[in-house]
Amino acid sequence: MSISLTEDQIALQQMARDFAIKEIAPVITKEREQSGEFPWELYQKMFDAGYSTMGLPEEYGGGGLSIFEQLLINEQLSQYGDVGFLASCSSGEMAFGPILNGGTEEQKKYYGKFIQEGKIAAFALTEPESGSDAASIRTTAVRDGDEYVLNGTKCFVTSGGLASIYTILATVDRSKGYKGITCFMVERDRPGLTVGKEEDKMGFRMSNTVDLILEDVRVPVDHRIGEEGQGFYLAMKNLDRTRPIGSIGAIALAQAAIDHTVRYTKVRKTFGKPIIENQAVQHILADMQIKTTAARHLCYNAARMIDEGVLDSELGSITKTFCSDIAMEVTTNAVQLFGGYGYCRDYPVEKLFRDAKLFAIFEGANQIQRNVIAKKMMKRIN
Ligand SMILES: Cc1cc2nc3c(=O)[nH]c(=O)nc-3n(C[C@H](O)[C@H](O)[C@H](O)COP(=O)(O)OP(=O)(O)OC[C@H]3O[C@@H](n4cnc5c(N)ncnc54)[C@H](O)[C@@H]3O)c2cc1C
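Everything quoted here is computed from the prediction, not taken from an experiment.

Peer 1: Would you take a moment to explain the overall build of the protein chain for this structure?
Peer 2: A tally of regular secondary structure across the protein chain gives 12 helices and 10 strands. Against the 2.2 N^0.38 benchmark of 21 Å for 382 residues, the protein chain shows a C-alpha radius of gyration of 21 Å, consistent with a compact globule. The proportion of buried residues among the 382 residues of the protein chain is 47%. Within the protein chain, contacts between residues separated by at least 24 positions form 75% of all contacts whose residues are at least 6 apart in sequence.

Peer 1: Even after reading the chapter, I still don't get the packing of helix H8 (residues 231-267) against helix H10 (residues 313-337), so can you show me in this structure?
Peer 2: Each pair of packed helices can be described by the angle between their axes along with the distance between the axes. As a packed pair, H8 and H10 sit with axes 8 Å apart at the nearest point and diverge in direction by 20°. The pairing of H8 with H10 is recorded here as roughly parallel in orientation. Along this stretch, H8 crosses H10, giving a crossing that reads as left-handed.

Peer 1: Any chance you could explain the site of the ligand here in plain terms?
Peer 2: Taken together, the neighbourhood of the ligand is formed by 21 residues, with Gly131, Ser132, Thr158, Ala365 and Gln367 sitting nearest. At the level of secondary structure, the elements contributing two or more residues to the shell around the ligand comprise strand E1 (121-124), strand E3 (147-158) and helix H12 (366-380). When its residues are assigned to classes, the shell around the ligand shows 11 nonpolar, 8 polar and 2 charged. Both domains that meet at the shell around the ligand, namely domain 2 (120-229) and domain 3 (233-380), each give it at least three residues.

Peer 1: What exactly am I supposed to notice about H10 here?
Peer 2: Helix length check: H10 (25 residues) gives 36 Å between terminal C-alpha atoms against 36 Å at 1.5 Å per residue, within 8%. With respect to burial, H10 is a largely interior element, 19 of its 25 residues being buried. In the stretch just after H10, Gly339 is the one whose phi turns positive, near 65°.

Peer 1: What exactly am I supposed to notice about the nonpolar core here?
Peer 2: One recurring pattern in soluble globular proteins is that nonpolar side chains are buried together. One finds Ile251, Leu253, Ala254, Ala257, Cys299, Cys323 and Ala327 to be the most contacted residues of the largest nonpolar core, which totals 59 residues. Of all the secondary-structure elements, those providing two or more residues to this core are helix H1 (7-27), helix H3 (40-48), helix H4 (67-80), helix H5 (83-89), H8, helix H9 (279-307), H10 and helix H11 (349-358). Inspection of this core shows a minimum of three residues originating in each of domain 1 (7-99) and domain 3 (233-380). Not counting residues up to four positions away in its chain, the partners in contact with Leu253 are Ser78, Val83, Ala327, Thr331, Leu352, Asp355 and Ala356. Formed by 44 residues, the second largest nonpolar core is a distinct cluster that contains Ala122, Ile165, Leu169 and Val210.

Peer 1: I tried to follow the packing of H9 against H10 on my own but got confused; where do I start?
Peer 2: At a closest axis distance of 9 Å, the pairing of H9 and H10 adopts a crossing angle of 155°. In this view, H9 runs roughly antiparallel relative to H10, as classed from their interaxial angle. The way H9 lies across H10 gives a crossing that is left-handed. Two secondary-structure elements touch here, H9 through Val281, Ile284, Met288, Lys291, Thr292, Ala295, Leu298, Cys299 and Ala302 and H10 through Leu315, Gly316, Thr319, Phe322, Cys323, Ile326, Glu329, Val330, Asn333 and Leu337. A class-by-class count of the residues in the contact of H9 with H10 yields 13 nonpolar, 4 polar and 2 charged.

Peer 1: For this particular structure, what's the right way to read the domain arrangement of the protein chain?
Peer 2: One frequently used descriptor of interface size is the decrease in accessible area upon assembly of the parts. For the protein chain, the assigned domains read domain 1 (7-99), domain 2 (120-229) and domain 3 (233-380). Centre-to-centre separation of domain 1 and domain 2, based on C-alpha positions: 25 Å. Counting from both sides, the interface comprises 18 residues of domain 1 and, opposite them, 18 residues of domain 2. Listing elements by their share of the side of domain 1 that touches domain 2, those giving two or more residues are helix H2 (30-35), H5 and helix H6 (91-102). Each residue belonging to the side of domain 1 that touches domain 2 can be placed in one class, and the counts come to 10 nonpolar, 6 polar and 2 charged.

Peer 1: What should I look at first to understand the pairing of E1 in this one?
Peer 2: Within a regular strand, the side chains alternate between the two sheet faces. Residues Ala121 and Phe123 of E1 are buried on one face, and the alternating residues Ala122 and Ala124, pointing to the opposite face, are buried as well. Where E1 meets strand E4 (residues 165-171), 4 bridges bridge the pair, whose relative direction is parallel. Opposite Ala122, over in E4, you have Tyr166 as the bridge partner.

Peer 1: Is there a simple way to think about the pairing of E3 in this case?
Peer 2: Of the strand pairs in this sheet, strand E2 (residues 140-144) and E3 are connected by 5 bridges, and their pairing is antiparallel. By the bridge assignment, Arg143 is partnered in E3 with Tyr148. Here E2 hands over to E3 after 2 residues, with Gly145 in that stretch at a positive phi of 65°. Relative to strand E7 (residues 209-220), E3 runs antiparallel, the two sharing 9 bridges. Within the sheet, the bridge partner assigned to Glu147 lies in E7 and is Pro220.

The rules behind these values
Residues numbered from 1 in each chain as written. Predicted model: local features only at pLDDT ≥ 70, side-chain atom pairs only at ≥ 80, totals over all residues. Helix = DSSP H or I, 4+ residues; strand = E, 2+ residues; numbered from the N terminus. Rg over C-alpha atoms; globule rule 2.2 N^0.38 Å. Buried ≥ 20, exposed ≤ 12 C-beta atoms within 10 Å, placed from the backbone. Contact = placed C-beta atoms within 7 Å. Axes fitted to C-alpha atoms, helices over the stretch in contact; angles between N-to-C directions. Parallel < 35°, antiparallel > 145°, perpendicular 65-115°, else oblique. Left-handed = near helix turned anticlockwise from the far one by under 90°. Near = placed C-beta within 6 Å. Nonpolar A, V, L, I, M, F, W, Y, C, P; charged D, E, K, R; others polar. Domains from an automatic or database assignment. Expected span 1.5 Å × (residues − 1). Core = buried A, V, L, I, M, F, W, Y, C linked by C-beta atoms within 7 Å. Pairing = 2+ DSSP bridges.

Take a look at the structure:
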């Protein structure tokens, strides 16, 4: 919508929309969403279509798509399919990021093999005692000859219960703060690694979210990604690259909510006329669209800049915060305009509202993003 795209990009969008409508939507029914049972057959179709690995370089089994192309596809898969399912399918890209940024050629090939075989990978940074303050993690990695011994508990690991390999952040020296954080690849079948409880979430119910428990898990030194102390940097660098791809999911939900609400208010009548004929309602709808369109353009621009080689973490934080705040505002208004039915599971907007909330919490809560933005402003403006 109101954006110049090449014919190839339009084709990518169309294919993703068709896939979401034909393959994802019929599987992720209201009941399935409530149960949260992961649809492995559908995952296989996502993998076969290349959607779960589209951003990884071709030499490691991915599709090699640009950030902007991935964003176009994710927007369609989220708007017409399911944003939680997409999160679980694409967790491998988040997990592979630090390896791409700092791994050796052997490590990239090794990790890439899991991806090529259609296995799922997961990224584990957050812990019960450290989410926003990610630099204070307590999971330790102690060198013992040619191995590291990992101990600790991770939480909120997306796809953690489905994954065959993990990218795990642990500290080699807590007194060094983020400078002690080190990144490891850890296979699921390593003795001492267990998957803990699965979260029963408000939204994103098709994404699997679990604890990981590490008890004397031994990994060889060649499983360390980069140098000791580089892990935090490698993980944050990856987030800077991928933020617009995540943020577009929020915009997709907002647009889906707008479309449902326009259709509903055209047919729902009060006082003898459709609700949409009230100018007060039209203005709410117009504001929903104005903000969603503005946020979409911000996201598209941020993605295109990254593809041009400009990594601007302030812009990434602004994009993440703006898109998620808009998605929450728009889906809240959608529920409002559906009235009592908006609050009921038989109508689509309550799910969009539940899904939208997560965008302001994960990948760095919006308050933390605001801290980052304000810090940059204080440095930049004298
Ligand atoms: C569904 C889901 C999936 C996730 N997937 C992953 C994953 O795959 N891998 C992973 O590592 N993590 C994952 N996370 C973790 C996520 O990134 C954290 O939940 C998030 O960073 C917030 O941390 P927290 O939950 O510990 O909240 P807290 O850090 O306890 O913060 C609670 C609230 O306080 C606010 N707050 C905290 N500190 C400040 C401050 N200094 N100033 C102002 N406000 C502040 C926060 O903004 C937040 O609103 C996931 C989380 C969820 C819910």
